[in-house]
Amino acid sequence: MAGAEGGVEADNTNAIITRIEHKSRKIETLLKQYKPVEALKTALEGTYAILVGDERCKTAHWLVVHRAIMAIKDVDGMLSSLDPEYHDILMKYLYRGLATGDRPTCDHFLRIHEKLTEKAGLGCILRYLTDTVNIV
């Protein structure tokens, strides 16, 4: 039975990776159409459903979200059109990006972090710090 469970998990992981790849293609299409905010919303949609704890899934999804965030040039415009339900998940990805230590990523993510904190408040940061479920 244990082997069957491992097979089911592998099948589930492969299905999730396939969904992330599909999402990645959709985001690339949106970016080519100069719709970075829509690309970011698409990247953030369904994050909790996709990230089930498997590191391959988390990494694959991180790369998709990172690509969408890096394409954002108008931070104020992005935040004004981003629904509040995305603020907390965006904050989690901002901290993941800051943890990379990559200079261009950190510079860009810090700009967004500052504006997101102004808009969403300190509660957004506190929820990130106290969250016991590491989904990103």
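Residues numbered from 1 in each chain as written. Predicted model: local features only at pLDDT ≥ 70, side-chain atom pairs only at ≥ 80, totals over all residues. Heavy atoms only, no water.

1. What about helix α4 (residues 55-70)?
Because an α-helix packs 3.6 residues into every turn, residues spaced three or four apart end up facing the same way. The first and last C-alpha atoms of α4 sit 22 Å apart over 16 residues, in line with the 22 Å expected at 1.5 Å per residue. What α4 keeps buried is the set Cys57, Lys58, His61, Trp62, Val64, Val65, Ala68 and Ile69. (Helix = DSSP H or I, 4+ residues; strand = E, 2+ residues; numbered from the N terminus. Expected span 1.5 Å × (residues − 1). Buried < 20%, exposed > 50% of the residue type's maximum accessible area, 1.4 Å probe, protein only.)

2. Section: unusual backbone geometry
Negative phi values dominate among residues other than glycine, just as trans dominates among peptide bonds. Here the phi dihedral of Tyr34 falls at roughly 60°; this positive angle occurs in a residue that is not glycine. Inspection of the secondary structure assignment puts Tyr34 in the loop between α1 (2-32) and α2 (36-44).

3. Re the confidence of the model for the protein
Per-chain confidence: the protein averages 87 in pLDDT, with 87% of residues scoring 70 or above. Here helix α3 (residues 47-50) is the element of the protein with the lowest mean pLDDT, 66, and helix α7 (residues 103-120) is the one with the highest, 96. (pLDDT = per-residue confidence, 0-100.)

4. Digging into the packing of α2 against α4
Viewed as axis vectors pointing N to C, α2 and α4 meet at an angle of 160°, and their least axial separation amounts to 8 Å. Overall, the two elements α2 and α4 adopt an arrangement that is roughly antiparallel. Remark: the crossing between α2 and α4 carries left-handed chirality. Facing α2, whose interface residues are Ala39, Leu40, Ala43 and Leu44, α4 presents His61, Val64, Val65, Ala68 and Ile69. (Axes fitted to C-alpha atoms, helices over the stretch in contact; angles between N-to-C directions. Parallel < 35°, antiparallel > 145°, perpendicular 65-115°, else oblique. Left-handed = near helix turned anticlockwise from the far one by under 90°. Contact = heavy atoms within 4.5 Å.)

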